[in-house]
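Geometric and topological summary
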2 protein chains.
Amino acid sequence: MTELKNDRYIRALLKQPVDKTPVWMMRQAGRYLPEYKAVRKQAGDFMSLCRNADLACEVTLQPLRRFDLDAAILFSDILTVPDAMGLGLYFEEGEGPKFARPIRSKRDVDNLIMPDPEGELQYVMNAVRTIRRELKGEVPLIGFSGSPWTLATYMIEGGSSKAFTKIKKMAFSEPQILHALLDKLSDSVIDYLNAQISAGVQSVMLFDTWGGVLSPRDYQDFSLQYMAKIVAGLKRTYEGKKIPVTLFTKNGGQWLESIADTGCDAIGLDWTIDMASAKARVGSRVALQGNMDPSMLYASPQRISEEVATILQSFGQGPGHVFNLGHGIHLDVPPENAKVFVDAVHELSAQYHL
Amino acid sequence: MTELKNDRYIRALLKQPVDKTPVWMMRQAGRYLPEYKAVRKQAGDFMSLCRNADLACEVTLQPLRRFDLDAAILFSDILTVPDAMGLGLYFEEGEGPKFARPIRSKRDVDNLIMPDPEGELQYVMNAVRTIRRELKGEVPLIGFSGSPWTLATYMIEGGSSKAFTKIKKMAFSEPQILHALLDKLSDSVIDYLNAQISAGVQSVMLFDTWGGVLSPRDYQDFSLQYMAKIVAGLKRTYEGKKIPVTLFTKNGGQWLESIADTGCDAIGLDWTIDMASAKARVGSRVALQGNMDPSMLYASPQRISEEVATILQSFGQGPGHVFNLGHGIHLDVPPENAKVFVDAVHELSAQYHL
């Protein structure tokens, strides 16, 4: 495979020196870009876009044409795995994702298919291969999956949730059923991410969007132990290159030490934690990704640059920082503000890498 | 006024010795109780219930008849203050609260009425007076308000929100308008809570439900500094009795030290923080309230008792703990499970107060 022309992102994750702090944006391919909306319209529904390797490649590359980003991320969805396991994913307009056959019992768990990454999920691997080819080594490609706990919330609630009533009922009254599900999901995610690595992704990230709704003990028990299992099961080197692994638990700022204990390479931070304090706590062990409030992209160019400067200063000198938003970019952000953000990171960070 | 027959709750907030850990539940008067639903039906809509002193008193007392609670909390809503300021609160079935005239500009802020607690808000004070009379000194009565930031989210978004887009746009692009609003709200809340104290509440609590959606700097700037102003403006003693103040920021576990710096008596904790670690960080300065996951009330009696035991052990020996859920009780919890919870706190806590 082609050598990377820009490997800042990979180097930062491995805590190696860089010339500038690398930057990318969670959900950088998406609805805030008019060119994305055009392709999405052409594809039809959201999953048809995910299933079409050429169109998924196109939307993956769109933000790279506009902004000086240091990484591309596979255009896909965290719910591809539960869908492939047989739950029947569908999207209702304005309602978010839904599952036709949510998990209710141990039998439902036993009946779940272990998806073949080059079978039911081959469309994802095809997208990875197409994107890698089209990227021509410009920047690394990030692969990803939802964490087992986060996937399980959708699988048990049947869709998005506010109070997570059903999964918590199961967690507290029939924990063995939930553990069986989480265990099966962990194995599926290991297969899925290892296949993405074989297909060409150069780094992987686990999104634990809903781990933060748990108590510290329950987070350990229902979310983190399964992410640790995945970290241990991944190909950490492929074709002689390190494949860095990033874990991101939204609202997980209180648990950084335990997250670092999994052996991951980097931790994604939301904006509720001060970068300096995160670095003091775990910066000797892992790289840190983050952490500007995505809503800051509604502000003026000057205010955006000020916020970037504050976060860079908070991290301070030395390697181990990948700049990002603390969560996905909002769909109504002006694209020109995203450009201000990306450029500010590069312009203002060189002084920290002398 | 009558002396309190059970002052465990007040003593615990002031870190004085008690025989057992006091316990109450956020939203203990509410929809999980069939007798509440009956009164609510009689009253008509939610605000009519809040405005009727006798019915508000009745629903305040209902949970005390079922459970051995150590405090009553005024039945009301955090949005009474913005409503009295002129925003036109209404509730759409299944949609949560809405404001007819949300805040859009500096002029909207300037036009806000400073409500008279014995004028527009007299119905709240009447409810307090009625409840105090009917409580006959059995347990203390808690008064409350929303925090300025939390009230402002509803006033600017026009109702509930997920991403807080409008208020964050204002915070990052026109912060002076937001600060003018927060300042006005702080003054209104001081008047409101001091009037509740004069009317008879024996402790007050500020609910900062949405402070946790901010970065540490923005939390300080837009939420905590205004809560500190309120703490400084409250009557901390009334008729010779201390009036303890509790601050509760949902998802505020990372900021306990700064919250304690406000000079409050106690901090409310959600369930994402370990009680032992909270006590180690700020337990020498403030009492702690919390912090069982409200979803644990879906579990078996045995599992509920185990969780209570774990949290009691985590706090350990000595005074300064008020047991509670980490957020409001869910509306579909079986009332008998709430009884198991309350009784478990009393039965299992005596050993920590020898």
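Residues numbered from 1 in each chain as written. Chains lettered and ligands numbered in written order. Predicted model: local features only at pLDDT ≥ 70, side-chain atom pairs only at ≥ 80, totals over all residues.

**Remarks on the overall build of chain A**
Along chain A, the regular secondary structure elements total 15 helices and eleven strands. On C-alpha atoms alone, chain A measures out to a radius of gyration of 19 Å, which is about the 20 Å that the 2.2 N^0.38 rule sets for 354 residues. When the backbone C-alpha atoms are referred to their principal axes, chain A occupies close to 60 × 45 × 40 Å. Considering only residue pairs separated by 6 or more positions, chain A has 72% of its internal contacts joining residues 24 or more positions apart. (Helix = DSSP H or I, 4+ residues; strand = E, 2+ residues; numbered from the N terminus. Rg over C-alpha atoms; globule rule 2.2 N^0.38 Å. Contact = placed C-beta atoms within 7 Å.)

**Some remarks on the environment of Thr150 of chain A**
Residues and elements named next belong to chain A. One can find Thr150 in helix α8 (residues 148–157). Judged by the 24 C-beta atoms lying within 10 Å of it, Thr150 is buried. Sequence separation of Thr150 and Val213 is 63 residues, and the distance between their C-alpha atoms is 10 Å. Non-local contacts of Thr150, meaning those with residues more than four positions away in its chain, are made with Ile78, Phe207, Asp208, Thr209, Trp210 and Gly211. (Buried ≥ 20, exposed ≤ 12 C-beta atoms within 10 Å, placed from the backbone.)

**Comments concerning the interface of chain B and chain A**
On the side of chain A, 24 residues touch chain B, which itself brings 24 residues to the contact. With five residues, helix α9 (residues 165–173) of chain B is the largest single contributor of residues to the side of chain B that touches chain A. Residues belonging to the side of chain B that touches chain A are distributed by class as follows: eight nonpolar, eleven polar and five charged. (Nonpolar A, V, L, I, M, F, W, Y, C, P; charged D, E, K, R; others polar.)

**Some remarks on helix α5 (residues 80–87) of chain B**
Residues and elements named next belong to chain B. With seven of eight residues buried, α5 lies mostly within the body of the structure. Three or more residues of α5 are buried, namely Thr80, Val81, Pro82, Asp83, Ala84, Met85 and Leu87. Positive backbone phi, approximately 70°, marks Gly88, located one or two places after α5.

**Focus on the pairing of strand β10 (residues 287–292) of chain B**
Residues and elements named next belong to chain B. Within β10, six of the six residues are buried, leaving the element largely enclosed by the surrounding structure. Across three bridges, the pairing between strand β9 (residues 266–268) and β10 is parallel. The residue bridging Ala266 from the neighbouring strand is Ala287, located in β10. You can see the chain leave β9, run along helix α13 (residues 275–282) and come back into β10, and the turn it takes is right-handed. Assessed by its sense of winding, the connection that carries the chain from β10 through helix α14 (residues 301–315) to strand β11 (residues 321–325) is right-handed. (Pairing = 2+ DSSP bridges. Right-handed = clockwise from strand over helix to strand, strands pointing away.)

**Overview of the sheet that holds β10 of chain B**
All names here are of chain B. The parallel open sheet is built from seven strands, whose spatial order is β1-β4-β5-β8-β9-β10-β11. Either end of the sheet is taken by a strand with one partner, and the two such strands are β1 (72–73) and β11. The pairing of strand β8 (residues 245–249) with β9 spans three bridges and is parallel. Among the inter-strand pairings, Thr246 is bridged to a residue of β9, identified as Ala266.

**So, the relation of the copies chain B and chain A**
At an RMSD of 0.0 Å, chain B and chain A line up after a rotation of 180° and a shift of 0.0 Å along the axis. What we have between these two chains is a two-fold relation. For chain B, the residue whose C-alpha comes nearest the rotation axis is Gln254 of chain B, separated from it by 3.2 Å. (Least-squares fit on C-alpha atoms with pLDDT ≥ 70 in both.)

**A few points about the sheet that holds strand β8 (residues 245–249) of chain A**
Pairing is parallel across the open sheet formed by seven strands, whose spatial order is β1-β4-β5-β8-β9-β10-β11 (chain A). With partners counted over all chains shown, the strands left at the sheet margins are β1 (72–73) and β11 (321–325) of chain A, one partner each.

**Quick notes on helix α4 (residues 53–66) of chain B**
Between the first and last C-alpha of α4 of chain B there are 21 Å, a value that for 14 residues agrees with the 20 Å anticipated at 1.5 Å per step. On its buried face, α4 of chain B sits against α2 (34–43), α3 (46–51), β1 and α7 (122–135) of chain B. (Expected span 1.5 Å × (residues − 1).)

**Quick look at the environment of His346 of chain A**
All names here are of chain A. Tracing the chain through its elements places His346 in helix α15 (residues 335–349). On the basis of neighbour counts, which here come to 18 C-beta atoms within 10 Å, the residue His346 falls in the partly exposed class. If near-sequence neighbours (up to four positions away) are discounted, His346 is found in contact with Lys20, Val23 and Asp68.

**What about the packing of α13 of chain B against α14 of chain B?**
All names here are of chain B. Between α13 and α14, the shortest axis-to-axis distance is 7 Å and the interhelical angle comes to 25°. On the basis of the axis angle, α13 is roughly parallel to α14. Helix-helix and strand crossings are classified by hand; for α13 and α14 the assignment is right-handed. Between α13, through Met275, Ala276 and Lys279, and α14, the contact on the second element is made entirely by Ile311, Ser314 and Phe315. The residue makeup of the contact of α13 with α14, split by class, is four nonpolar, one polar and one charged. (Axes fitted to C-alpha atoms, helices over the stretch in contact; angles between N-to-C directions. Parallel < 35°, antiparallel > 145°, perpendicular 65-115°, else oblique. Left-handed = near helix turned anticlockwise from the far one by under 90°.)

**Side note on the nonpolar core**
Residues Leu74 and Ala152 of chain A together with Leu74 and Ala152 of chain B are the most contacted members of the largest nonpolar core, which totals 240 residues. With residues up to four places along the chain from it excluded, the contact list for Ala152 of chain A reads Ile167, Leu178, Leu181, Leu182 and Leu185 of chain A. (Core = buried A, V, L, I, M, F, W, Y, C linked by C-beta atoms within 7 Å.)

**Some thoughts on the pairing of strand β2 (residues 89–92) of chain B**
All names here are of chain B. Examined bridge by bridge, β2 and strand β3 (residues 96–99) share four bridges and lie antiparallel to one another. Opposite Glu92, over in β3, you have Gly96 as the bridge partner. Taking the residues that link successive antiparallel strands as the turn, the β2-β3 hairpin has three residues, and the phi of Gly94 there is positive, at about 70°.

**Regarding the environment of Glu3 of chain A**
With respect to the helices and strands, the residue Glu3 of chain A is situated in the segment before α1 (8–13). Remark: the alpha-carbon pair of Glu3 of chain A and Asn291 of chain A, spanning 288 residues in sequence, is separated by 29 Å.

**Here we look at the confidence of the model for chain A**
With 99% of its residues at a pLDDT of at least 70, chain A reaches an overall mean of 97. Taken over the whole predicted complex, pTM reads 0.96, whereas the ipTM for its chain interfaces reads 0.94. (pLDDT = per-residue confidence, 0-100.)

**Re the packing of helix α14 (residues 301–315) of chain A against α15 of chain A**
Residues and elements named next belong to chain A. One can describe the packing of α14 onto α15 by two numbers: an axis separation of 9 Å at closest approach and a directional angle of 40°. When the axes of α14 and α15 are compared, the pair comes out oblique. When you trace α14 past α15, the crossing you get is right-handed. Side by side, α14 and α15 meet where Pro301, Ile304, Ser305, Val308, Ala309 and Leu312 of the first sit next to Asn337, Val340, Phe341, Ala344, Val345, Leu348 and Ser349 of the second. Split by residue class, the contact of α14 with α15 holds ten nonpolar, three polar and no charged.

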